[in-house]
Amino acid sequence: MEKWGFIHERGLQSWKGGVVCMTCQHFTYGVDQHCHTMVGCNLRQKQLQKGEHLKKPCKLWAPTWQKEVGWAPEAG
């Protein structure tokens, strides 16, 4: 994930609500060699800028199965 580039800001849209990158089935996270948290999109294989996963989605956003049953632990 460290070698991934970043998603360009035009690839994301502002959103208020639960449909954000963090609730997408393609969302992923990890740590670098300095133990800094990195977040990204497995589908695009790109990182998200700090904080963008909490307030923006992209057109490839897909609900997780948890959303279908009414809860999403990754957003908790």
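Summarised in this report is the structure supplied together with it.

About the thresholds
- Residues numbered from 1 in each chain as written.
- Predicted model: local features only at pLDDT ≥ 70, side-chain atom pairs only at ≥ 80, totals over all residues.
- Heavy atoms only, no water.
- Core = buried A, V, L, I, M, F, W, Y, C linked by side-chain atoms within 4.5 Å.
- Buried < 20%, exposed > 50% of the residue type's maximum accessible area, 1.4 Å probe, protein only.
- Contact = heavy atoms within 4.5 Å.
- Pairing = 2+ DSSP bridges.
- Helix = DSSP H or I, 4+ residues; strand = E, 2+ residues; numbered from the N terminus.
- Salt bridge = Lys/Arg side-chain N within 4 Å of Asp/Glu carboxyl O.

### Describing the nonpolar core
Okay, so step 1: Counting eight residues, the largest nonpolar core consists of Ile7, Leu12, Cys21, Phe27, Val39, Cys41, Leu48 and Cys58.
Okay, so step 2: Setting aside residues no more than four positions away along its own chain, valine 39 makes contact with Met1, Phe27, Thr28, Tyr29, Gln47, Leu48 and His53.

### Here's the deal with the sheet that holds strand 1 (residues 27-31)
Okay, so step 1: On the basis of which strands lie adjacent, the open sheet formed by three strands has the order 1-2-3 and antiparallel pairing. Every interior strand has two partners, whereas the edge strands, strand 1 and strand 3 (46-47), have only one.
Okay, so step 2: The pairing of strand 1 with strand 2 (residues 37-41) spans five bridges and is antiparallel. If you follow phenylalanine 27 over to strand 2, its bridge partner there is cysteine 41.

### Notes on the environment of methionine 1
Okay, so step 1: Within the secondary structure, methionine 1 sits in the segment before strand 1.
Okay, so step 2: Remark: the alpha-carbon pair of methionine 1 and cysteine 41, spanning 40 residues in sequence, is separated by 9.5 Å.
Okay, so step 3: Setting aside its immediate chain neighbours within four residues, methionine 1 contacts Thr28, Tyr29, Gly30, Met38, Val39, Gly40 and Gln47.

### Here's the deal with the pattern of salt bridges
Okay, so step 1: Scanning the model with the defined rule gives two salt bridges in all.
Okay, so step 2: Of the charged contacts, one joins lysine 56 and glutamate 52 as a salt bridge, the two residues approaching to 3.1 Å between their closest N and O atoms. Taken as a pair, lysine 56 and glutamate 52 share a single burial class, namely buried.
Okay, so step 3: In the salt-bridge network here, residues are joined through shared partners; they are Glu52, Lys55 and Lys56.

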